[in-house]
Amino acid sequence: MDRSAADMTDVEAQSFGHILRDRLAGFDAVPLARCLVAVGALLLVLVTLDPFPDLRNPDVTIIVGGRMALTYVAWGLLAAVAMLCVAATDAPALKSLVTPLHLCLLGWLAINIAFSESRGVSMQRFVLAVSVTSLAIVLPLLPATQRSFSFCLGAAALVLLTLCYLGVFLAPQYAIHTALDVTEPQLAGDWRGSFGHKNIASAVMTILVYVGFYLSAVGSFVIGPVIAVLAGTFLIFTGGKTSSVLCLAIYALASLVYVTPGLWLKRIICFVPLVAMNLLTVGSVLSPVLASMTRLLPLDPTFTGRSAIWDFAIAAVAEKPIIGHGYAAFWDDVSARATAQGAEWATSAAHSHNSYLDLAVTIGLPGLLLVILIFVLAPLGNFQTAQAHSRSGALAKLFLTVWLFGLYYGATETFLLERQNPIWFMFSLSVAGLHFLARFQCVEQIEPRG
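Criteria and cut-off values
Counting restarts for each chain, with residues numbered from 1 along the sequence as it is written. pLDDT decides what is reported in this predicted model: residues at 70 or higher carry local features, side-chain atom pairs at 80 or more are listed and counted, and totals for whole chains, interfaces and linings draw on all residues regardless. Each side-chain value is derived from all of the structure's non-hydrogen atoms; neither hydrogens nor water enter the calculation. Residues with no salt bridge and a relative accessible area higher than 30% make up the patches, which join like charges within 9 Å and nonpolar side chains (Val, Leu, Ile, Met, Phe, Trp, Tyr) within 5 Å. Surface accessibility in these figures is a Shrake-Rupley result with a 1.4 Å probe; residues are shielded only by whichever protein chains are displayed. Within this document, salt bridges are pairs made up of a side-chain nitrogen of Lys or Arg and a carboxyl oxygen of Asp or Glu, the two lying within 4 Å of each other. Only DSSP runs of H or I reaching four residues or more are called helices, and only runs of E reaching two or more are called strands; each is numbered from the N terminus. For the exposure calls, accessible area comes from a 1.4 Å probe over protein chains only, and a residue counts as buried if that area is under 20% of its type's maximum, exposed if over 50%, partly exposed in between. Any pair of residues with heavy atoms lying within 4.5 Å of one another is described as a contacting pair. pLDDT measures the predictor's confidence residue by residue and takes values from 0 up to 100.

Chemist: For this particular structure, what's the right way to read a nonpolar patch on the surface?
Modeler: Together, Val98, Leu103 and Leu106 make up an exposed nonpolar region whose accessible area comes to about 300 Å². Tracing the sequence through the fold places Leu106 in helix H5 (residues 100-114). Taking the relative accessible area as the measure of exposure, Leu106 reaches 48% and is therefore partly exposed.

Structural data, given as structure tokens:
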């Protein structure tokens, strides 16, 4: 190489170095760090620290102390980091969460844990629930803009979908239920992806379908449809009947609510079918009239044996209707309890298959009432306020849809206040998102640097 060429190379290198330094000087690492925390939180709840559990292993039902300790540490640290990230810049948003109803719920949970049948278990699990829920609540505040939030959702969704499909095609014994599963071998052939059960997989895929619709609505005309199609296809192969039926039905319901002007009309559209659904499920074991109506429906009148579990859970509510049996503690000793009552079939029940009934069992009727006021009634009012102020229509609709899905999903499955359950996480995120949109304007894009 001659000298002139070498000099030219040096000049180009120096110019590139100046450009790189200028770019780095103008780059703010804080928004990137906050996005990484948001994506990390989504992946922690969706992928977990123990993906693709081997359900053929008899030890799969045994809780490993070291693994649970790592879960507590991971959630606690990530929640602390997230809180530190938003404390300085979003103090008004955090202060808006301090309401009489929220404080009443925390106070009631403290009383419930103090009188729990398994105080240590309730306290331990409540600590994890606080970490998970806190992280879900502040997650909408972490990305600096709505575009960043959309990117975080899309990135986490693509990572999860990639892992789930790779599991199905490369290691199906870990991603598809088999006849050799220790529990529920009758689910053989149903896809579960990286999750431990097809019901969780199906619910998450339903939410990812909504995420795909949202991304398409805000301009991601490739990534949005890809996520919606991949998640919808996976949902079909999970065999999850509840989520499959609810998926498009809830989106249609949310779209109807979106174009309905009045709050009372919105309430009728949202809650009348929900009340009817709970009456035809849990209510069918309380009323002979409702039971006869249920038998006329074109479905299994026992809801795959759940009516017997609901009967057992209702009896448990009658034992302690006010204080409840203790947060997240009742179903641990259900084998001995069920055997004593001559209901041996319930020894394998892990929950009551109804979120509202389960809360009545564990935290009592006052606790259930507070949860309904905060997580069922308030979000619709927040959506109405956000819509009236024209605040981020597509994002508000996403939160509304996920919230509605959670309400109806809870009529046949248990997830409310359930620690690191991904449905609870996304539901809490959506409730918090509606709370913030009702009070603050979402940042649409980063302001240009001067």
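So that's the structure; there's more coming.
Chemist: How should I be thinking about the environment of Gly433 in this particular structure?
Modeler: Here Gly433 shows up in helix H18 (residues 422-437). Assessed through its relative accessible area of 2%, Gly433 is described here as buried. Along the sequence, Gly433 and Ile137 sit 296 residues apart, while their C-alpha atoms lie 7.6 Å from each other. Gly433 has contacts with Pro140 and Phe399, leaving out every residue within four places of it along the chain.

Chemist: Explain the pattern of salt bridges here, please?
Modeler: Pairs can form between side chains of opposite charge whenever their charged atoms are close. If you walk through the whole model with that rule in mind, you get three salt bridges. Note that Arg34 and Asp90 form a salt bridge whose closest N and O atoms lie 2.9 Å from each other. Here Arg34 is found in helix H2 (residues 29-46), whereas its partner Asp90 is found in the loop between helix H3 (65-87) and helix H4 (91-95), with 56 residues between them in sequence. The partner of Glu117 in a salt bridge is Lys320, and the shortest N-O contact between them spans 3.2 Å.

Chemist: Can you help me understand the confidence of the model for the protein chain in this one?
Modeler: Any segment with low pLDDT has predicted coordinates that should not be analysed in fine detail. Mean pLDDT over the protein chain: 86, with 84% of residues reaching 70 or higher. Taken element by element, the predicted model of the protein chain shows its lowest mean pLDDT in helix H1 (residues 3-25) (44) and its highest in helix H10 (residues 223-238) (98). Note that residues 22-27 has pLDDT below 50 and, in this model, two contacts with residues that lie over four places away or in other chains. Low pLDDT, under 50, characterises residues 445-450; the predicted model gives this stretch five contacts beyond four residues in sequence or across chains.

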